[in-house]
Every structure is written in structure tokens, then in C-alpha cells.
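Spelled out from the first residue to the last, the chains are:
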Amino acid sequence: METDLDDYTVIKEGEAEVLMHKKNQVFFNKAQVNNRDMSIAVLRAFISKRKQEHEAMLSKRARSSGKVLEKNVSGNSKEENPTENGEDNGKTNGEHDVTTQNGPKEAAKTAYESARRELKPPRVLEALSASGLRALRYAREVEGIGQVVALDNDPASVEACQRNIKFNGLMSTSKVESHLTDARVHMLSHPKDFDVVDLDPYGAPSIFLDSAVQSVADGGLLMCTATDMAVLCGANGEVCYSKYGSYPLKGKYCHEMALRILLASIESHANRYKRYIVPVLSVQMDFYVRVFVRVYTSASAMKNTPLKLSYVYQCIGCDSFHLQSVGRSLPKNNSVRYLPGVGPVVPQDCTHCGKKYNMGGPIWSAPIHDQEWVTSILSGVKSMKDRYPAYDRICAVLTTISEELPDVPLFLSLHSLSATLKCTSPSAALFRSAVINAKYRVSGSHVNPLGIKTDAPMEIIWDIMRCWVKNHPIKPQSPEHPGSVILSKEPSHQADFSRHVGSLSKAQAKKVARFLPNPEKHWGPKIRAGRTITSKHVSLLGHEAVNGHLNGNHKEAGAEVEEEPQEDIIEGEPDLKRQKTTVDVASTS
């Protein structure tokens, strides 16, 4: 049956084109171009890194094989020649030992060349493919990629994916395959079978994590997106705990905490199978978080997990927060002894403002990026600028990440510190200079333009703010106010606000854009396919899109739907009863 192109809209992204039905029955969101571009950039870096690691392993193996063969040959030469005693060692005339004839180096080289061919192109699993756009872009744009398996449990999505595979020509047909199945069942039935597993669900990925960590090959890459940011950022803490096993806090750092909660959850699932993760890149963009981790198997390395997790104590009165490690380790002779963490790290009341603490976590407190990978990914993106539709955005995000302090979890907000004290805010450059002049490190955060990462203790931070307030007096506040309690103490450290050369990052000094505005209105999440469209979705879709959907539905329904002026539906009085109409709508991808 031929496809009537009049019923479809052709959407081109990168080198792939997909057919989207005008009824919008299948999952698609234009805003996820940032997600797809970032994934392609990481995938290219992974294939390059995987090849380098394989070459290094083979080189090491060849060297060790050469040493063994040299040892064997030298040992045989010292022995009595068997032919002198009339023995031919089981060989007839004209037969020779290949190792003796060609030498150990040639034999090692032959073994090396033979093993070199063993590295197969990476197999990729896209667990929730919908229209198949992501899988098609992987197949068409990533050099050296192997088979791409696209799964979905929605018949309409699988039909659309297969249609788009054919529409993209022979290369896509040979590399991409689409299946109608439950992704969890498929991953469980293919343990350690995929070099790359991509999870990009609508909402929480928690139900897929257990099967995903089992289907990734050793050293493979797991790419995971979570769009349930309200849950991860503390709006529903109990729901977050039930899904991810961590309790979130409503701090200015909540989006970075969301990243760390997701990483801790993936690590927890991996540990059940004697596996562990190594994050290479963790990104908060637009309306979601996206993590890229490598998965390894090692029962001994898995024991280090408690050292990478921490609870967070957040003061309810001021911006002070402290981390409490879940575990610790002590060297014992030639081994390591693992013990519970020593605590608590804070008293019952905050030492700065006297208020109580909220406790959240556990979160991943180890580095969330591998700076070597970030540098490699960023250089790769810059060298292929024309092949990334969202080049400006992902380049800006990667640039900011490359300048983050990798070993400092969470961050402070300069405006929030000033709000606590009811004072005018110092410029970011002045505040950073004061921290650097106090002999501590400081950087920005890719999550928040106002975020400040530093290894300075909170005592130093508040001393800097006290010194700032002395030079910029404020109106008297209630003595019970947290800011008043903080300012009632004299600073033990005298802040130096003289401008330091390191107060601006390299990107800032070169005036490189780091935080870009959205390219168009209503750039964000879309409604799940099949959901009811009402006027409350105007903020997501816009007046024009909602009116268009309702108009189209009225024309299809004819006499069955009571005609109403569109201005009454969308532009009318707030208390006017509005008609709800069920239509199929595009969702995020």
C-alpha cells in the first residue's frame, strides 16, 4: 500500500526526514533537537573512545604475548636440539614450527591483526522510538555505527517508524530495524547485548532502569532522559522517593540535584547485578535532565558506591547546605576496609542562623562529568558545526560544563544569598574575586546562570557577605530574621574584593555566549498523544495551535459538536464553561 504524501508533513532534522501525519498521532517534539544533537555528539565521542580503548588493549595484549613467546623461544634454544639425538619431535621433513620460523614478533603481530578485526560496530538500542527520528539520525549521521534497534509498544508508532525507515532510503533500511514490543522485556531478554542503550521516555525513566543496566555491554554507554522535573525538583518528594529512592530538596540547586538523584538511582539498579556506572556527561537543558554513563561489571569496584553517595542537609532559614557521605573507606594492609560514614556533619540547629535543617538524598556526590570527555565532545562539535541543527545551544552548554568545578556538588545562588540578608547583590565578578582571594576555587554552573560552585565552606561565604553589607548598609530587620542573626556576628575573615583575573571564566573573557534564549515561543514539553486539548494548554501550545486543533476537530465532528465562537473557547471570560474536545496531539520525543 503506497503512502499518500498529501496526508503527511515532511519534517527534516539533520540528515534524516520523517513523515508526520497531519492528525499528529505519533510522539514528536521539535524542542528535543537539543537532546538529539547532544546524543549524537556523545555517541561520536564514544565510538572514537571505544576504538582507542580497543587499540590500547590489543597493543598491551600483543606486548605481553611477545614477552611470553620470547621467553619460550629462549628457553627452547638452551635445550638440547632433539634432531641431534635422532628425534624429529613428531615433525616430518619439510615441516617447521611457525613460531620458530617467523619469530615471536611475527607471531604476536599475526595474533594482533587477527584480534583487531574482532571490534564490531556498536549496536544501539533506542528503547522508545516513536516516529524513529532519533534512530534514523543515529544511522545516517554517526560514522562507524552498527545496527540500530528501535522499539515501541504502540502500533501506530511502530507503523510510523517503519514508514520513515523506508522513506529515508537504503542506508536506513539496512541499518535500522523497528519492533513492536515492550522495551523492558526486550532488554531483559538481551543481556549485555547492546553497546549503547538510549532511554528517552515521556516522563520518568525509573521503570526502565533495571532492565536497561542489564542490557548494556561492559564498557557500554547508557543514555537516559527524565522529564518529570516537578517530581525530581521537590514538588512531590514522596513520589520522587518511590520512583528514584531519593528525597529531593527545594533549593536553588534543585535541577542539579535532579541530575544527581537520577545518577544515584541508575547506580543503585546497576549494583544489584555487580555493576557500576561512570558518568561522562550530565546535562540539564530546557525542561529535562539527560545523563550519559558508562556501565562496567566489577564486584570489588561496586563496593565504592557508598563513597560516591551523600545525604544533603539544607537549612530552612538561610542558604547553607552540607553533605554527609553515606560511607567511608580505610586502608588496611594491602586491602581496603569499608565503614559507614561518620556523622552528623551538622548540629541540630544551623550555626549561622539558628534554624533547623531539612535532610534530602541520597544523591550522587562524585563528579557528574568526565572533563576529558567533555573537551573531546566539544572539539568534535566545533569541527562539525554544519551537521548540528542546534549547534549554538549545545556548544554553549558544553562550554559552560567544561568550566565547572568537577568535584564540587551543588551550588550557591548569589541572588539568594543577598535575599537572605536583604542586601543589594554584589556582582558575580566581585564575589568570585573575594572567594579566589580567600584561596578557594570558584566556577559557574551550566544549570543556572546565577549559580556559583565553590569549595569554600559556608563560614567563608557568609563572612564575605558580612563584609559586603558593611560597605553597603541595609535597613534594620527583625532580630529573629535569619539575615539579622547572620549579620549580628563579626566576620572572622576579612574579604578582599579586589578584582582577580580568574573572576571571569575563559568563555566570559572572550564573551562567548553560554546561556541562550529559546529560539521560539512555547519551546518546551508538549502534550502526550491522545490527550484532551482545552484552553489550559495555551501555555504549552499557544493560542494559534490550540484554536487550530479545536477548529479541525469541529469540522470533523460536524453536527455532533456544538459550534462555538473560537473567541469564546480561548479568549473568553475565565469563568466561562469551556467545551473539552478529545483529539490526537503530538507529544515530546
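About the cut-offs
- Within any chain, residue numbers begin from 1 and follow the written order of that chain's sequence.
- Per-residue local features are limited, in this predicted model, to residues with pLDDT of at least 70; the limit for side-chain atom pairs, both in listing and counting, is 80 or more; totals at the level of whole chains, interfaces and linings are taken over all residues.
- Where side-chain values are given, they derive from all heavy atoms of the structure, hydrogens and water being excluded.
- In DSSP terms, a helix is any run of H or I states spanning at least four residues, a strand is any run of E spanning at least two, and both are numbered starting from the N terminus.
- Note on classification: 1.4 Å probe, protein chains only; a residue is buried when its accessible area is under 20% of the maximum for its type, exposed when over 50%, partly exposed between these limits.
- A contact between two residues is defined here by any heavy atoms of the two lying within 4.5 Å.
- Under the convention used here, a 1.4 Å probe and the Shrake-Rupley method define accessible areas, while residue burial counts only the protein chains that appear.
- Stacked, edge-to-face and tilted labels apply to pairs of Phe, Tyr and Trp rings (six-membered ring for Trp) whose centres lie within 6.5 Å, assigned for plane angles under 30 degrees, over 60, and everything in between, in that order.
- By convention a nonpolar core is built from buried Ala, Val, Leu, Ile, Met, Phe, Trp, Tyr and Cys residues, the set being connected through side-chain atoms within 4.5 Å.
- In short, DSSP must find at least two bridges between two strands for them to pair.
- The angle between two axes is taken between their N-to-C directions and runs from 0 to 180 degrees, where each axis is a line fitted to C-alpha atoms and a helix contributes only its stretch in contact.
- Under the rule applied, a polar contact is a pair of N or O atoms within 3.5 Å (in protein, one hydrogen donor and one hydrogen acceptor; residues adjacent in sequence only if both atoms are side-chain atoms).
- Salt bridges are identified by distance alone: a Lys or Arg side-chain nitrogen within 4 Å of an Asp or Glu carboxyl oxygen.
- Note on angle classes: values under 35 degrees are labelled roughly parallel, values over 145 roughly antiparallel, values of 65 to 115 roughly perpendicular, and the remainder oblique.
- Here is the rule for handedness: rotate from the far helix to the near one, and if that takes an anticlockwise turn smaller than a right angle the crossing is left-handed, while a clockwise turn gives right-handed.
- Values of pLDDT, ranging from 0 to 100, describe the predictor's confidence in every residue of the model.
- Only a pair of cysteine sulfur atoms within 2.5 Å qualifies as a disulfide here.

**Q** Can you tell me about the overall build of the protein, naming the residues and giving the values?
**A** Helix and strand counts for the protein come out as 20 helices and 19 strands. Each of the 589 residues in the protein was classed as buried or not, and the buried ones make up 49%. The long-range share in the protein, meaning contacts at least 24 apart out of those at least 6 apart in sequence, stands at 70%. In the form shown here, the protein has an accessible surface area of approximately 28,900 Å², with 51% of it arising from carbon and sulfur atoms.

**Q** So what's going on with the packing of aromatic side chains? Residues and values would help.
**A** A full pass over the atoms with the stated rule returns five aromatic pairs. A centroid spacing of 5.7 Å and a plane angle of 25 degrees characterise the contact between Tyr 276 and Tyr 296, whose relative ring orientation is stacked. Here Tyr 276, found in strand E8 (residues 275-285), pairs with Tyr 296, found in strand E9 (residues 288-297); they are 20 residues apart in sequence, far enough to count as distant. For Tyr 296, a relative accessible area of 24% corresponds to the partly exposed category. Measuring from centroid to centroid gives 5.1 Å for Phe 287 and Tyr 288, while their planes differ by 80 degrees, and the two rings are edge-to-face.

**Q** Quick one: what's the story with the nonpolar core, residue by residue and with numbers?
**A** Val 197, Leu 199, Leu 222, Leu 232, Ile 266 and Phe 431 are the most contacted members of the largest nonpolar core, which has 83 residues in total. Per-element tally for this core: the top contributor is helix H10 (residues 254-271), with ten residues. Within the second largest apolar cluster, 52 residues are counted, among which are Val 196, Leu 281, Met 285 and Phe 287.

**Q** Now, about the sheet that holds strand E3 (residues 124-126): what can you tell me, with residues and values included?
**A** Strand order in this open sheet of seven strands is E5-E4-E3-E6-E7-E9-E8, and the pairing throughout is mixed. A strand with exactly one partner marks an edge of an open sheet, and here the two such strands are strand E5 (176-180) and E8. If you compare each strand with its neighbour and ignore which way they point, the axes differ by 15 degrees on average. As paired strands, strand E4 (residues 148-152) and E5 are joined by five bridges and run parallel to one another. Each bridged residue has a counterpart across the sheet, and for Asp 152 the counterpart in E5 is Leu 180. Set on the sheet, helix H4 (residues 155-167) makes contact with E4 and E5; between it and E5 the angle comes to about 165 degrees.

**Q** So what about the side chain of Lys 453? Which residues, and what values?
**A** Here Lys 453 lies in strand E17 (residues 451-454). In this structure the side chain of Lys 453 is engaged in a polar contact, spanning 2.9 Å, whose partner is the side chain of Glu 256.

**Q** Outline the pattern of salt bridges, supporting the account with residue identities and numerical values.
**A** All told, the structure shown has 27 salt bridges when counted by the stated rule. For Glu 126, the salt bridge goes to Arg 134, with nearest N and O atoms at 3.8 Å. This pair shows no difference in class: Glu 126 is buried, exactly as Arg 134 is. Note that Asp 407 and Arg 441 form a salt bridge whose closest N and O atoms lie 3.0 Å from each other. You can see Asp 407 sitting in the loop between helix H12 (391-402) and strand E15 (412-413) and its partner Arg 441 sitting in the loop between helix H14 (428-437) and strand E16 (442-443), a full 34 residues away along the chain. Asp 407 gets classed as partly exposed once you look at its relative accessible area, which sits at 43%. By relative accessible area, which is 37% here, Arg 441 ends up partly exposed. Overlapping salt bridges, with partners in common, bring together Glu 13, Arg 36, Asp 37, Arg 137 and Glu 141 in one network.

**Q** An account of the packing of helix H9 (residues 237-244) against H10 is requested, with residue identities and associated values reported.
**A** Where H9 meets H10, the axes come as close as 10 Å, and the angle between the chain directions of the two elements is 30 degrees. Looking at the two axes, H9 sits roughly parallel to H10. Within the contact between the two elements, H9 uses Cys 240, Lys 243 and Tyr 244 and H10 uses Ile 261, Leu 262 and Ser 265.

**Q** Pulling in residues and values, what's your account of the sheet that holds E15?
**A** If you walk across this open sheet you meet the three strands as E15-E17-E16, and the pairing is antiparallel. Edge positions in the open sheet fall to E15 and E16, since each of these has one partner strand only. Summarising the sheet, E16 and E17 pair through two bridges and their orientation is antiparallel. Each bridged residue has a counterpart across the sheet, and for Val 442 the counterpart in E17 is Thr 454.

**Q** Quick one: what's the story with the packing of helix H7 (residues 206-215) against H10, residue by residue and with numbers?
**A** The contact between H7 and H10 brings their axes to 9 Å, and the two run at 45 degrees. Comparing their axes, H10 and H7 come out oblique. Relative to H10, the crossing made by H7 is right-handed. Between H7, through Ser 206, Leu 209, Asp 210 and Val 213, and H10, the contact on the second element is made entirely by Ser 265, Ile 266, His 269 and Ala 270.

**Q** Outline H7, supporting the account with residue identities and numerical values.
**A** Among the ten residues that make up H7, eight are buried, leaving the element largely enclosed by the rest of the structure. Buried within H7 we find Ser 206, Phe 208, Leu 209, Ser 211, Ala 212, Val 213, Gln 214 and Ser 215.

**Q** Describe the confidence of the model for the protein, naming the residues involved and giving the relevant values.
**A** Residues with a pLDDT of 70 or more make up 78% of the protein, whose mean pLDDT is 84. Scored below 50 in pLDDT, residues 82-102 makes nine contacts in the model with residues more than four places away or belonging to other chains. Confidence drops under pLDDT 50 across residues 554-589; counting only partners more than four residues distant or on other chains, this segment forms 86 contacts.

**Q** Give me the lowdown on the pairing of strand E1 (residues 8-13), citing residues and values where you can.
**A** In the sheet, E1 pairs with strand E2 (residues 16-21) via six bridges, with the strands oriented antiparallel. Of the residues in E2, the one forming a bridge with Glu 13 is Ala 16. The antiparallel pairing of E1 with E2 creates a hairpin that spans two residues between the two strands, and Gly 14 there sits at a positive phi of about 65 degrees.

**Q** Could you give me a rundown of the state of the cysteines, with the residues and numbers involved?
**A** By the definition in use, this model includes zero disulfides. Left unpaired, Cys 240 is separated from the closest cysteine sulfur, that of Cys 233, by 8.9 Å.

**Q** Tell me about unusual backbone geometry, and name the residues and values.
**A** Following Gly 343, the chain continues into Pro 344 via a peptide bond in cis, with omega recorded as 0 degrees. Structurally, Pro 344 can be placed in the loop between strand E13 (335-340) and strand E14 (357-364). Phi angles above zero are rare outside glycine, and Ala 130 is one such case at about 55 degrees. Considering the arrangement of structural elements, one finds Ala 130 in the loop between E3 and helix H3 (133-141). What makes Ala 130 buried here is its relative accessible area of 1%.

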